[in-house]
Amino acid sequence: MDLRAKAIDIRKDIVNLIYHAGTGHIGGDLSVTDILVDLYYKQMNVGPDKVQDPERDRFVLSKGHCVEALYTILADKGFFPKEELQTYSQYLSKFIGHPNNKIAGVEVNSGSLGHGLAVGVGMALAAKMDQRAYRTYVVLGDGECDEGSVWEGAMAGPQYGLDNLTVFVDRNRLQISGTTEEVMGQDSAEERWASFGWNVLSIPGNDMDAIDAAVDLAKRTKGKPTVIIANTTKGCGVSFMENQAGWHHKVPTADQVATAMKELDERKAAL
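Residues numbered from 1 in each chain as written. Predicted model: local features only at pLDDT ≥ 70, side-chain atom pairs only at ≥ 80, totals over all residues. Heavy atoms only, no water.

This is how the line gets drawn: UniProt positions are given in the numbering used here, feature names are shortened, and annotations may be inferred rather than shown by experiment.
In the nomenclature of an unreviewed UniProt entry, the chain corresponds to Transketolase from the organism Megasphaera massiliensis. Under the heading Cofactor (unreviewed entry), UniProt records this for the chain: "thiamine diphosphate".

## Things to note about the sheet that holds strand β3 (residues 165-170)
So the rule is basically this: Any two strands are treated as partners once DSSP identifies two or more bridges connecting them. In DSSP terms, a helix is any run of H or I states spanning at least four residues, a strand is any run of E spanning at least two, and both are numbered starting from the N terminus. To obtain each axis, a line is fitted to C-alpha atoms, and for helices this fit is confined to the stretch in contact; angles are then taken between N-to-C directions over 0 to 180 degrees. By the convention used here, residues are in contact when the closest approach between their heavy atoms is within 4.5 Å.
Read across the sheet, five strands follow the order β1-β2-β3-β7-β6 without closing on themselves; strand pairing throughout is parallel. Two strands bound the open sheet, and with one partner strand each, they are β1 (58-61) and β6 (199-204). Strand-to-strand, the axes of this sheet are offset by a mean angle of 20°, without reference to chain direction. Pairing analysis gives six bridges linking β6 to strand β7 (residues 226-231), with the strands arranged parallel. Considered in β7, the bridge of Leu-201 is made with Ile-228. Those strands touched by helix α2 (residues 26-43) are β1, β2 (136-141), β3 and β7, and its axis lies near 155° from that of β3. Along the sheet, helix α4 (residues 116-130) contacts β1, β2 and β3; its crossing angle with β2, the most-contacted strand, is approximately 170°.

## Description of the state of the cysteines
The following threshold applies: When two cysteine sulfur atoms are found within 2.5 Å, that pair is recorded as a disulfide. The buried label applies to any residue whose accessible area, calculated with a 1.4 Å probe on protein chains only, is under 20% of its type's maximum; exposed applies above 50%, and partly exposed to all values in between.
Following the criterion strictly, the structure yields zero disulfides and no others. Here Cys-145 is not disulfide-linked; the sulfur of Cys-66 is the nearest cysteine sulfur, at 13 Å. Judged by its relative accessible area of 7%, Cys-145 falls in the buried class. Cys-236 takes part in no disulfide bond, and the closest cysteine sulfur to it belongs to Cys-66, at a distance of 13 Å. Assessed through its relative accessible area of 11%, Cys-236 is described here as buried.

## Let's talk about the side chain of Thr-232
Under the convention used in this document: Think of a polar contact as two N or O atoms within 3.5 Å of one another; within protein, one of them needs to be a possible hydrogen donor and the other a possible acceptor, and neighboring residues in sequence only count if both atoms come from side chains.
The residue Thr-232 is located in the loop between β7 and α9 (254-269) in this model. When its relative accessible area of 8% is taken as the criterion, Thr-232 is described as buried. Among the polar contacts made by the side chain of Thr-232, one reaches the side chain of Asp-170 at a distance of 2.6 Å. Leaving out residues up to four positions away in the same chain, Thr-232 has contacts with Ser-31, Asp-170, Arg-171, Asn-172, Gly-205 and Asn-206.

## Examining α9
The following threshold applies: Multiply 1.5 Å by the residue count of a helix minus one, and that product is the helix's expected span. To be clear, the arc concerns the directions from the helix axis to the C-beta atoms.
Along its 16 residues, α9 runs 23 Å from first to last C-alpha, staying within 8% of the 22 Å computed at 1.5 Å per residue. Listing the buried residues of α9 in full gives Val-257, Ala-260, Met-261, Glu-263 and Leu-264. Considered in projection along α9, the buried side chains sweep an arc of 165° and stay on one side of the axis. The exposed residues of α9 that point more than 90 degrees off its buried face are Asp-255, Lys-262 and Ala-269. Against the buried residues of α9 lie α1 (3-21).

## Some remarks on the packing of aromatic side chains
Heads up, the condition is: The pairing test for Phe, Tyr and Trp rings, Trp by its six-membered ring, is centres within 6.5 Å, and the orientation test on the planes gives stacked under 30 degrees, edge-to-face over 60, and tilted for anything in between. Only when the NZ atom of a Lys or the CZ atom of an Arg is both within 6 Å of the ring centre and within 35 degrees of the ring normal do we say a charge sits over the ring.
Per the counting criterion, the structure on display carries eight aromatic pairs. Centre to centre, the rings of Tyr-40 and Phe-59 are 5.5 Å apart; their planes meet at 70°, and the pair counts as edge-to-face. Of the two residues, Tyr-40 sits in helix α2 while Phe-59 sits in strand β1, which places them 19 residues apart along the sequence. A single burial state applies to Tyr-40 and to Phe-59, both of which are buried. Among the aromatic residues, ring-to-ring pairing joins Tyr-71, Phe-80, Tyr-88 and Phe-95 into one connected group. Note that Lys-250 overlies the ring of Trp-247, its terminal NZ or CZ placed 4.6 Å from the centroid.

Here's what the structure looks like:
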């Protein structure tokens, strides 16, 4: 499978989902897509036939407002029928605007920002205690790192030697109210995580080869958890959304959807 082509297809599905639902955090969905595609289609031991398997890998989307990317991938992977996703954000639908563990493939409810890393630490520690081989993956937003509870989890990971834990920080440098550096500056993210005792990798976060290589390296790292600072582009793949804080939560018009589809199709054809 060409993961770059799959990521483009997933982006198209995300745009369509948000347009038809009339709601969604499209900018962050598109920045994190490549990370989720690499994890779900290559790196993680997960699948619709493994939802109760004690050895399945665990995934926590701590930046849960970008659930459209996760739901789209789970549908594509067959965790539930794709047509069910047509109810997204409708009254009484289980497909709500943050991950819901009533849905196959969703390990934990998330989206109350700052909690996912602590949950992931607990999952990874449980694997150590139970002598199980599964790995735990957590995706944080860089704006989410304003939350103090993130750093409690960051202290605990190295304390317990959780080399079975890999964290991505979706470093797109934008959050709902502006740039991360204007709201609560955090450069250098790499130095901060290193000071907490993590193995730190910094990569171009929309480069599939770089993502894949970083996950492989994290798997080989012993004695400490790994954080991958993924330097992404908010709205990646759709030119008029890229690097625009206004697309944090915004629904495209029909004309904008048509433009986005044309651009994404052109990107795929160029592969």
